[in-house]
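Listed here are the chains, written in short residue letters.
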Amino acid sequence: MTNDVKEIFGSAGAPPAPPAPAALAAKVRTLAPSMTRSMQRVAEAVADDPAGCAALTVTGLAELTGTSEATVVRTARLLGYPGYRDLRLALAGLAAQQQSGRAPAITTDIAVDDPIADVVAKLAYDEQQTLVDTAAGLDTVQLAAAVTALAGARRTDVYGVGASGLVAQDLTQKLLRIGLMAHAHSDPHLAVTNAVQLRSGDVAIAVTHSGTTGDVIEPLRVAFERGATTVAVTGRPDSPVTQYADHVLTTSTARESELRPAAMSSRTGQLLVVDCLFVGVAQRTYDAAAPALSASYEALAHRHRATRKGP
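Residues numbered from 1 in each chain as written. Predicted model: local features only at pLDDT ≥ 70, side-chain atom pairs only at ≥ 80, totals over all residues. Heavy atoms only, no water.

A. Representation of the overall build of the protein in the model. Of regular secondary structure, the protein possesses 13 helices and five strands. Across the 311 residues that make up the protein, the buried fraction comes to 44%. Within the protein, residue pairs in contact and separated by at least 24 positions form 72% of the contacts whose partners lie at least 6 positions apart. For the protein, the computed accessible surface area is about 15,500 Å², with 56% contributed by carbon and sulfur atoms. (Helix = DSSP H or I, 4+ residues; strand = E, 2+ residues; numbered from the N terminus. Buried < 20%, exposed > 50% of the residue type's maximum accessible area, 1.4 Å probe, protein only. Contact = heavy atoms within 4.5 Å. Areas by Shrake-Rupley, 256 points an atom, 1.4 Å probe, with all protein chains shown as cover.)

B. Summary view of the nonpolar core. Within the largest apolar cluster, 28 residues are counted, with the highest numbers of intra-cluster contacts made by I205, L249 and L277. Where this core is concerned, the elements lending two or more residues are α8 (140–151), α9 (163–177), β3 (203–207), β4 (229–234) and α12 (262–284). Sort the elements by how many residues they give to this core and α12 lands first, with six residues. Residues in contact with L277, not counting those within four places in the same chain, are L143, A146, V147, L150, L171 and L249. If you look at the next biggest cluster of nonpolar residues, it comprises 22 residues, including A43, L61, V72 and L79. (Core = buried A, V, L, I, M, F, W, Y, C linked by side-chain atoms within 4.5 Å.)

C. Structural view of the sheet that holds β3. With parallel pairing, five strands are arranged side by side in an open sheet as β2-β1-β3-β4-β5. Edge strands, defined here as strands with exactly one partner in the open sheet, are β2 (182–185) and β5 (247–250). Within the sheet, the average angular offset between the axes of one strand and its neighbour, ignoring direction, is 15°. Relative to β3, strand β1 (residues 156–159) runs parallel, the two being bridged by four bridges. Residue pairing across strands places D157 opposite A204, the latter belonging to β3. Relative to the sheet, helix α11 (residues 214–225) contacts β1, β3 and β4, its axis offset from that of β3 by approximately 160°. (Pairing = 2+ DSSP bridges. Axes fitted to C-alpha atoms, helices over the stretch in contact; angles between N-to-C directions.)

D. Spatial organisation of helix α13 (residues 286–304). For α13, with 19 residues, the first-to-last C-alpha span of 26 Å sits near the 27 Å given by 1.5 Å per residue. The sharpest bend along α13 reaches about 30° and sits at E298. Taken as a whole, α13 has its buried residues at A289, A292, S296 and A301. (Expected span 1.5 Å × (residues − 1). Bend = angle between axes of the 7 residues up to and from the residue.)

E. Geometry of the environment of A25. Summarising the element assignment, A25 is placed in helix α1 (residues 21–31). For A25, a relative accessible area of 17% translates into the label buried. With 21 residues separating them along the chain, A25 and V46 place their C-alpha atoms 8.4 Å apart.

F. Representation of the pairing of β2. Where β1 meets β2, four bridges bridge the pair, whose relative direction is parallel. Looking at the pairing, Y159 lines up with H185 of β2.

G. How the structure looks around the packing of aromatic side chains. This model, assessed by the stated rule, comprises one aromatic pair. Aromatic side chains F224 and Y244 sit 6.1 Å apart centroid to centroid with 65° between the ring planes, which places their arrangement in the edge-to-face category. Placement of F224 in helix α11 and of Y244 in the loop between β4 and β5 is noted, with a sequence separation of 20 residues between them. (Phe/Tyr/Trp six-rings, centres within 6.5 Å; stacked < 30°, edge-to-face > 60°.)

This is how it looks when you write it as structure tokens:
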């Protein structure tokens, strides 16, 4: 499957339904980095002031953002709406939700001289928003298909480097605990040499926030060409890694700041996707997974018991 035949959000076939109002801001954050600058201005405007933009015609929004009517319509369609009218309806719904008493968002970056209490509050809000955005943008059809493939896989290879490599290790550890054969590969040479051994019935998963990491894309490409079912967990649904992915699971793209690199926020969304995959697989394989979890717990229980010293 290539980018030419895949939808950005959803599988091939019937066009996906427009995102719900609550998911609009999440979708803007996810797709904005891949938009042109003029489209970004439109997307940022509707996310920052849904009530004000909902009252504007397509011409009015184009004038407000210094763009053209065609750019406004293209932006609406990229966000998942058939046209600008549908986007306006979503904006009106989002504005109504925001006016219903929801607490104001914390939007300031962490400053060098912030008290530690403020750092905790800001990080907690950012982590929460990343989880909300990832959940809102996650395609459950793609997720279910990936779960089905994992549940029946002979073997699963997971590729990731850096912070994404930690997420890859987390997923393989979870799968191993329910009795499934899984390996995490952070060494690019080892990843490719293992990918060569994959075939139909196996699963390969690439974890890369940018979707452009060559050390992750190459083994996924090899696995794809060998006939394995391939999955990409990425913050960029139109990135190079997705051209070798049968299923794309999109994570939130949070705003990067000086003291909060993208790797921090991307890891939060990736771990949510990993947990969704694991729980889904455990559900599908419950008869085997439950005894395996129990056995692994019992095998390690003695390491967690406190030992009493002295009389």
